Amino acid sequence: METIIPPPPPVLLPISGSLVGFPVRRVYCVGRNYAAHAIEMGHDPDREPPFFFQKNPDNLLAAGNTFPYPPLTSDVHHEVELVVALKRGGSDIAVDEALDCVYGYAVGIDFTRRDLQAEAKKAGKPWAAAKAFEHSAPVSAIVPAEAIGHPVNGNIWLKVNGETRQKGDLDQMIWKVPEIIAELSKLFTLAPGDIIMTGTPSGVGPVVRGDEVACGVDGVAALAVTVL
Ligand code: MN
């Protein structure tokens, strides 16, 4: 069928060492997945069932770009996260089969309008404006699992202007990658092209215009973003 307006372009993430792109279908995010971050946000670090929210595929900001400070906020926080890219999906995926769905990994930042999120939490309103705004998810190139395996530990870190702000280890994740995929697939039908941001370690904090943000997951990828 002809389209009445031009169809939106596909969202493609670069793949490390490849000329072909990774097309993105959906972006899922895990909330409070490191105990120390749950505590700093005023929550109980016990292993409660994971909860999820979403960003839009076109909120992704491919590697090497700048992050334009968004409107209607004065408290944008960085959250560095391990990103998982799926090549396969399904419903009710078993934990021990979940890693078969993973194409690769990246590092990303779940930029958050913390002031709008705090207002939304207080009012019992949704988080969309706090989380799913333009350019809110800078992400590195995807590194195929074929090349690096499936990381279960390793430093995850973020610096602002050279100063360490966030420092954790993947082994501190409350819900591990296979468990996240299994839990998500109970709620949603996962599919190739889905991206999962797996939560952030402690040390989240504000950025301001002019900041140079650098982050990475050792053994996976690194990313640098300038706040404009
Ligand atoms: Mn997050």
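For the structure, check the block above.
Residues numbered from 1 in each chain as written. Predicted model: local features only at pLDDT ≥ 70, side-chain atom pairs only at ≥ 80, totals over all residues. Heavy atoms only, no water.

> So, the overall build of the chain: which residues are in play, and what are the values?
When helices and strands are tallied, the chain shows five helices and 18 strands. In summary, the chain has a C-alpha radius of gyration of 17 Å against a globular reference of 17 Å for 228 residues, a match within 12%. By principal-axis analysis of the C-alpha atoms, the chain measures approximately 45 × 40 × 35 Å. A sequence separation of at least 24 residues applies to 76% of the contacts in the chain between residues at least 6 apart. Accessible area of the chain: about 10,800 Å², with a carbon and sulfur share of 56%. With 19 positive and 27 negative side-chain charges, the chain shows a spacing of 4 Å between the two charge centroids. (Helix = DSSP H or I, 4+ residues; strand = E, 2+ residues; numbered from the N terminus. Rg over C-alpha atoms; globule rule 2.2 N^0.38 Å. Contact = heavy atoms within 4.5 Å. Areas by Shrake-Rupley, 256 points an atom, 1.4 Å probe, with all protein chains shown as cover. Lys, Arg positive; Asp, Glu negative; His and termini not counted. Charge placed at Lys NZ, Arg CZ, Asp CG, Glu CD.)

> Quick one: what's the story with helix α2 (residues 114–123), residue by residue and with numbers?
Considered for burial, the residues of α2 that qualify are Arg 114, Asp 115, Gln 117 and Ala 120. Contact partners of the buried residues in α2: α1 (35–40), β7 (76–78), β10 (112–113) and α3 (128–131). One or two steps after α2, the chain reaches Gly 124, where phi turns positive at roughly 65°. (Buried < 20%, exposed > 50% of the residue type's maximum accessible area, 1.4 Å probe, protein only.)

> A description of the environment of Gly 104 should follow, citing residues and the corresponding values.
Its place among the elements puts Gly 104 in strand β9 (residues 102–109). Taking relative accessible area as the criterion, Gly 104 reaches 0% and is therefore assigned buried. Considered as a pair, Gly 104 and Ser 202 are 98 residues apart in the sequence and their alpha carbons are 24 Å apart. Leave out the neighbours within four places in its chain, and Gly 104 touches Val 83, Val 84, Ala 85, Ile 142, Val 143, Pro 144 and Ala 145.

> Would you mind going over the side chain of Lys 131 in detail, with residue names and values included?
Along the polypeptide, Lys 131 turns up in helix α3. Assessed through its relative accessible area of 2%, Lys 131 is described here as buried.

> I'd love a proper account of helix α5 (residues 177–187), names of residues and values included.
Turning to α5, its buried residues number three or more, namely Val 177, Pro 178, Ile 180, Ile 181, Ala 182, Leu 184 and Ser 185. Looking at the buried residues of α5, the elements they touch are β3 (27–30), β4 (52–55), β8 (80–86), β9 and β15 (195–197).

> I'd like a rundown of the pattern of salt bridges, residues and numbers included.
Counted according to the given criterion, the structure contains six salt bridges. Its salt-bridge partner being Arg 114, residue Glu 79 comes within 2.8 Å of it at the nearest N-O pair. You can see Glu 79 sitting in the loop between β7 and β8 and its partner Arg 114 sitting in helix α2, a full 35 residues away along the chain. For the pair Glu 79 and Arg 114, one class covers both residues: buried. Here Lys 131 and Asp 110 are joined by a salt bridge, their closest N and O atoms 2.8 Å apart. In this pair, Lys 131 is assigned in helix α3 and Asp 110 in the loop between β9 and β10, connecting sequence segments 21 residues apart. Just as Lys 131 is buried, Asp 110 falls in that class too. Ionic contacts of the salt-bridge type, sharing partners, join the residues Lys 55, Glu 79, Asp 110, Arg 114 and Lys 131 into one network. (Salt bridge = Lys/Arg side-chain N within 4 Å of Asp/Glu carboxyl O.)

> Give a detailed account of the coordination of the manganese ion, specifying residues and quantitative values.
Note on the manganese ion: its protein donors are Glu 79 (OE), Glu 81 (OE) and Asp 110 (OD). The metal-donor distances range over 2.0 to 2.1 Å. When the donor residues of the manganese ion are listed from N- to C-terminus, their spacing reads E-x1-E-x28-D. You can call Glu 81 buried: its relative accessible area is 0%. (Donors = N, O, S within 2.8 Å, 3.2 Å for Na, K, Ca; no water.)

> With reference to specific residues and values, describe the sheet that holds β10.
Strand pairing in a sheet relies on backbone hydrogen bonds. The paired strands run either parallel or antiparallel. With antiparallel pairing, the three strands of this open sheet are ordered in space as β10-β7-β16. Each edge of the sheet is formed by a strand with only one pairing partner; in this case those strands are β10 and β16 (205–206). Here β7 pairs with β10 via two bridges, running antiparallel. Residue pairing for β10: His 77 is matched across the bridge by Thr 112. (Pairing = 2+ DSSP bridges.)

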